[in-house]
Amino acid sequence: MRSLQVREALREALRQELEADPTVFVFGEDVAGYGGLDAVTAGLQKEFGPERVFDTPIAESGMAGLAVGAAMMGMRPVVEMQFTGLITVALDQIANSAAKARYVHQGGLTVPMVVRTI
């Protein structure tokens, strides 16, 4: 049986999704150059380019808004917020926009997005 560290498994999963689906993109604080928190995204920008793996400013509500809007338009965003404590700033977008969109649009709209944090 193969043994991986959690960060290696996460990086492998992200890589597989980026390879399989051109609508998947990864963004967040320090995910590109630095490789993200605990180096989970290390090397992904070099492999997939700055259009699909990119850094954002420290603005969790803006990051969540970008993810929600992109997902509503058919993209599959993966947003990394460095610490769980910072997610509260983005709760309006996550709880009121993303989580309710399918219901509000009577099943005609989905929001396929991932918010990753530790």
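These numbers were taken from a predicted model, which means no experiment stands behind them. (Residues numbered from 1 in each chain as written. Predicted model: local features only at pLDDT ≥ 70, side-chain atom pairs only at ≥ 80, totals over all residues. Heavy atoms only, no water.)

1. Remarks on helix α4 (residues 91-98)
For the α-helix, the turn length of 3.6 residues means that residues three or four positions removed from each other point alike. Along α4, the positions that sit buried rather than exposed are Q93, I94 and A98. One side of α4 carries all its buried residues, which in axial view fall inside an arc of 95 degrees. Buried positions along α4 lie against α3 (60-72), α5 (101-104) and β4 (114-116). (Buried < 20%, exposed > 50% of the residue type's maximum accessible area, 1.4 Å probe, protein only. Helix = DSSP H or I, 4+ residues; strand = E, 2+ residues; numbered from the N terminus. Arc of directions from axis to C-beta. Contact = heavy atoms within 4.5 Å.)

2. Section: the sheet that holds β4
Read across the sheet, 4 strands follow the order β2-β1-β3-β4 without closing on themselves; strand pairing throughout is parallel. Sheet topology places β2 (53-55) and β4 at the edges, where each strand pairs with a single neighbour. In this sheet, neighbouring strand axes are inclined to one another by 20 degrees on average, regardless of whether the strands run parallel or antiparallel. When strand β1 (residues 24-28) meets strand β3 (residues 76-80), the two strands line up parallel, connected through 5 bridges. Bridge assignment links F25 to a residue of β3, and that residue is P77. In the packing of α3 onto the sheet, contacts are made with β1, β2 and β3, and the angle to β3 comes to roughly 170 degrees. (Pairing = 2+ DSSP bridges. Axes fitted to C-alpha atoms, helices over the stretch in contact; angles between N-to-C directions.)

3. Things to note about the packing of α3 against α4
A pair of packed helices is characterised by two quantities: the angle between their axes and the separation of those axes. At a minimum axis separation of 8 Å, α3 and α4 run at an interaxial angle of 25 degrees. Looking at the two axes, α3 sits roughly parallel to α4. Contacts between α3 and α4 involve S61, A64, G65, V68 and M72 from the former and Q93, I94, S97 and A98 from the latter. (Parallel < 35°, antiparallel > 145°, perpendicular 65-115°, else oblique.)

As far as function goes, none of this settles anything; it's purely spatial.
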